[in-house]
Protein chains: 4
Amino acid sequence: MAETAPASPTTHRARLYGTERLTAFSDGVFAIAITLLVLELRLPELATDAPLAVFAGALQGVLPRLISFLISFFVIGLFWQGHHRMFHVIVRTDSALAFINLVLMLFVALIPFPTAVLGRYAPSQPLAVMVYAGMMVLAGLVSTSLWLYAMRHRELLASGTTSRQLTHFILRALAMPAIFLVSIFIACVNAGLAMWSWWLILAVRVAIERLWRD
Amino acid sequence: MAETAPASPTTHRARLYGTERLTAFSDGVFAIAITLLVLELRLPELATDAPLAVFAGALQGVLPRLISFLISFFVIGLFWQGHHRMFHVIVRTDSALAFINLVLMLFVALIPFPTAVLGRYAPSQPLAVMVYAGMMVLAGLVSTSLWLYAMRHRELLASGTTSRQLTHFILRALAMPAIFLVSIFIACVNAGLAMWSWWLILAVRVAIERLWRD
Amino acid sequence: MAETAPASPTTHRARLYGTERLTAFSDGVFAIAITLLVLELRLPELATDAPLAVFAGALQGVLPRLISFLISFFVIGLFWQGHHRMFHVIVRTDSALAFINLVLMLFVALIPFPTAVLGRYAPSQPLAVMVYAGMMVLAGLVSTSLWLYAMRHRELLASGTTSRQLTHFILRALAMPAIFLVSIFIACVNAGLAMWSWWLILAVRVAIERLWRD
Amino acid sequence: MAETAPASPTTHRARLYGTERLTAFSDGVFAIAITLLVLELRLPELATDAPLAVFAGALQGVLPRLISFLISFFVIGLFWQGHHRMFHVIVRTDSALAFINLVLMLFVALIPFPTAVLGRYAPSQPLAVMVYAGMMVLAGLVSTSLWLYAMRHRELLASGTTSRQLTHFILRALAMPAIFLVSIFIACVNAGLAMWSWWLILAVRVAIERLWRD
């Protein structure tokens, strides 16, 4: 996938490393965080022979948590997709980039917590929506700063990476935190609307994708 | 395993990527979902010195959950096997394929939830059986649509892939959702029988395997 | 690590595959099962300002669960090590081998359950010790049957694999289930002694290792 | 990333293996342990329409657990980074190195337990701080012993590895357990201060990084 680092660590000066284990570790965190989300989905304890209406009602009661599951699933999925593309262009890593990536993984690993809060208390508690959105703004900015760092350290990039490409990637990376930031203000007025606004992220992504293709 | 994407992202037009990280991420989700199933297996709290009969009874009480564990283990295992073979033939990916794969991962990551419901409430609650089967129908259709998408985008496929092979793969992918779909109707009459019918999936798989060999 | 399967699926007759994804999936299951064990370790709910003696007592109360954590950690570790070596020699896989491997993963993924039972009820309940040991006997036999299958399908093995090597591997694979089997009978008399006997597995492994070296 | 082991197991005498699966398994354990930490973050059960002050208070009550989450996240992150670099220099493995690595993974997998104790009972219970620090001292020593073992088995190292490099790596590996050891004594006097002292680890790491660069 990327140029591998030389076998002997003495041959490079700036202590650059290949990105294999960094992406393997990151893939692990993405995959685990996205799969742990399911642990929040549980039925209340019912009698095994509860009437159908009661059982169906319990299933329906899981719906808000299922919605927050879906939201976080796609958010983590988009972060993963962005990460995937990023490390298609970033083919070497140094300590600082590895550290910024670790901070990004911190936010990814945290996502199940605000997701659980969201599924349990939104939209009744606007603060739950704000905390969720605020966290995603921070995560999005960390993701963007990975790009900014790599932009200033061209030795980390695949040869042939153009400035136009980098601008495109940074714009796309900023779309998510921008929409989440706006939604914090919307949540002051209407928490439910704020949550609906998040689906714009998918739309904007598709739009950027289309535009870039031409 | 597959042809790797070129090192420089500027050399390909259609923004195709290698499948390494997509399969690594997917393997992670499969492995985590399949291993999280065990968290549903737990004994009720007993006294440490409870009589043998009580302790043995508690162990026996885990049996329905163990059965649903087994069912979901093999279902996820079959999805994984199908995915494995799929990405032996699909050797490049684009955004759309990655998105369909993400939706498939969504269903795989969800499986522990209907499994827990099944283990706790089936076969007393036919609805639990129907929800489980319904979810698998959807998952199976998403898996099939990955094939259909790849079929119409031959540039994603390994050179030398024949239409006969693709037809075989799609047929096999459809076997699971078809049986789960039928079982929803069976569950209206007899939920326990519906659950037994699922084991047909293994039989059909083996049969298709044998037929194709000749 | 191993010879990769050809890029085009049409060039091989017997539908052999490389082992990369099988081992990646298996490594995932091993790593997750071994890490989920920690979820059983928890303190009872105490007041934040509980007296030191109470707090220290609670920590001490975790000890039996810590011991069962350690036992299962090393058991899974040994299974992983055996799997690692196995797929150093088995360099190609077919459907049947993948299925036997899936059954092995089933037992590996199950291990946190008997571990929890063991940590909570052993050695007071000999049945807990027997269930644990019985599970490991089954897991060990499945692991051995992977070897037996590969032995009869030489096309799956690395070229140059000798019968003497295979015999060695099978003997080593049998050491674990043999000791666990004996411990079931010991547990009828003394459950604590049966648990201690499990540490023999490490000793036998080191002994076989030494013997083979000469 | 490293020289791969030969395909045929008969060609090497000392039974050396490549490090691919060892690092893949370890990356899995690192990624899972770091992501499981989030399961400790949960709100107490509140009414959905609880007053804002109550809800905000509950969020604030998560803060001590969030701090222990952050501490363990960076500790595991540093262990991972050290492991990453270690296996950039160690390119082959034997049974003993694999065993020491398994013991390191044992401590990594355990970390969520002392983290939970810390988040729940620190700094009120100095013993919680001491147990956490004591565990990290042990983990750090195991990590260091990996280096010491590799130093005495040069055939495991990449060609061109210098003694100066090894000394640097060992010094860096020792920084973490040294600071945790001192913090145990600080905790006898002031548990809160002991926890703050842990952030020195990051500072020392950066300092060693800078010094080595020159």
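Residues numbered from 1 in each chain as written. Chains lettered and ligands numbered in written order. Predicted model: local features only at pLDDT ≥ 70, side-chain atom pairs only at ≥ 80, totals over all residues. Heavy atoms only, no water.

A. Representation of the relation of the copies chain A and chain D. When chain A is brought onto chain D, the operation consists of a screw motion whose angular component is 90 degrees and whose axial shift is 0.0 Å, with 0.0 Å RMSD remaining. Between the two chains, the operation in question is that of a four-fold axis. Of the interface residues in chain A, just 8% have counterparts in chain D that sit at the interface too, so the contact is made through distinct surfaces. (Least-squares fit on C-alpha atoms with pLDDT ≥ 70 in both. Contact = heavy atoms within 4.5 Å.)

B. Quick peek at the nonpolar core. Residues Phe-180 of chain A, Phe-180 and Trp-198 of chain B, Phe-180 of chain C together with Phe-180 of chain D are the most contacted members of the largest nonpolar core, which totals 321 residues. Ignoring anything within four residues of it in the chain, the contact list for Phe-180 of chain D reads Val-75, Tyr-132, Ala-133, Met-136, Val-137, Trp-198 and Ile-201 of chain D. (Core = buried A, V, L, I, M, F, W, Y, C linked by side-chain atoms within 4.5 Å. Buried < 20%, exposed > 50% of the residue type's maximum accessible area, 1.4 Å probe, protein only.)

C. Examining helix H2 (residues 52-61) of chain C more closely. For H2 of chain C, the full list of buried residues reads Phe-55, Ala-58 and Leu-59 of chain C. Projected down its long axis, H2 of chain C carries its buried residues within an arc of 100 degrees, all on one side. Seen from the open side of H2 of chain C, the exposed residues pointing more than 90 degrees away from its buried face are Ala-53, Gln-60 and Gly-61 of chain C. Taken together, the buried residues of H2 of chain C touch helix H3 (63-89) of chain C together with helix H5 (112-121) and helix H6 (126-151) of chain D. (Helix = DSSP H or I, 4+ residues; strand = E, 2+ residues; numbered from the N terminus. Arc of directions from axis to C-beta.)

D. A nonpolar patch on the surface, seen in detail. Taken together, Leu-193, Trp-196 and Trp-199 of chain B make up a surface patch of nonpolar side chains, about 370 Å² in accessible area. Tracing the backbone shows Trp-199 of chain B in the loop between helix H8 (191-197) and helix H9 (200-213). (Patch = residues over 30% accessible without salt bridge, like charges linked within 9 Å, V, L, I, M, F, W, Y side chains within 5 Å. Areas by Shrake-Rupley, 256 points an atom, 1.4 Å probe, with all protein chains shown as cover. Salt bridge = Lys/Arg side-chain N within 4 Å of Asp/Glu carboxyl O.)

E. Region of the structure containing the environment of Leu-59 of chain C. When you line up the elements, Leu-59 of chain C lands in helix H2. Once the C-alpha coordinates of Leu-59 of chain C and Pro-44 of chain C are considered, the two residues, 15 residues apart in sequence, prove to be 9.1 Å apart.

F. Structural context of the relation of the copies chain C and chain B. Here chain C sits on chain B after a turn of 90 degrees about the axis and a move of 0.0 Å along it, with an RMSD of 0.0 Å. When you check the interface residues of chain C against chain B, a mere 8% turn up at the interface there too, and the two sides of the contact use different surfaces.

G. Geometry of the interface of chain A and chain D. Across the contact, 39 residues belong to chain A and 51 residues belong to chain D. Each partner contributes to the roughly 3,900 Å² buried at the junction of chain A and chain D, and carbon and sulfur atoms together form 70% of this total. Scanning the region where chain A abuts chain D turns up three salt bridges. Ionic pairing is found between Glu-45 of chain D and Arg-120 of chain A, a salt bridge with its closest N-O pair at 2.5 Å. If you look at where chain A meets chain D, you find ten residue pairs in polar contact (both at pLDDT 80 or more). Elements with a minimum of two residues in the side of chain A that touches chain D: helix H1 (20-36), helix H4 (95-110), helix H5 (112-121) and helix H6 (126-151) of chain A. (Buried area = accessible area lost by both parts, 1.4 Å probe. Polar contact = N/O pair within 3.5 Å; in protein donor to acceptor, adjacent residues only side chain to side chain.)

H. Molecular detail of the interface of chain C and chain B. On the side of chain B, 49 residues touch chain C, which itself brings 39 residues to the contact. The junction of chain C with chain B conceals about 3,900 Å² of combined surface from both sides, 70% of it contributed by carbon and sulfur atoms. Here chain C and chain B share three salt bridges between them. Along the contact surface separating chain C from chain B lie ten residue pairs in polar contact (both at pLDDT 80 or more). Put simply, the parts of the chain that give the side of chain C that touches chain B at least two residues each are helix H1 (20-36), helix H4 (95-110), helix H5 (112-121) and helix H6 (126-151) of chain C. Broken down by element, the side of chain C that touches chain B gets its largest block of residues, nine residues, from H1 of chain C. Its residues placed into classes, the side of chain C that touches chain B shows 26 nonpolar, nine polar and four charged. (Nonpolar A, V, L, I, M, F, W, Y, C, P; charged D, E, K, R; others polar.)

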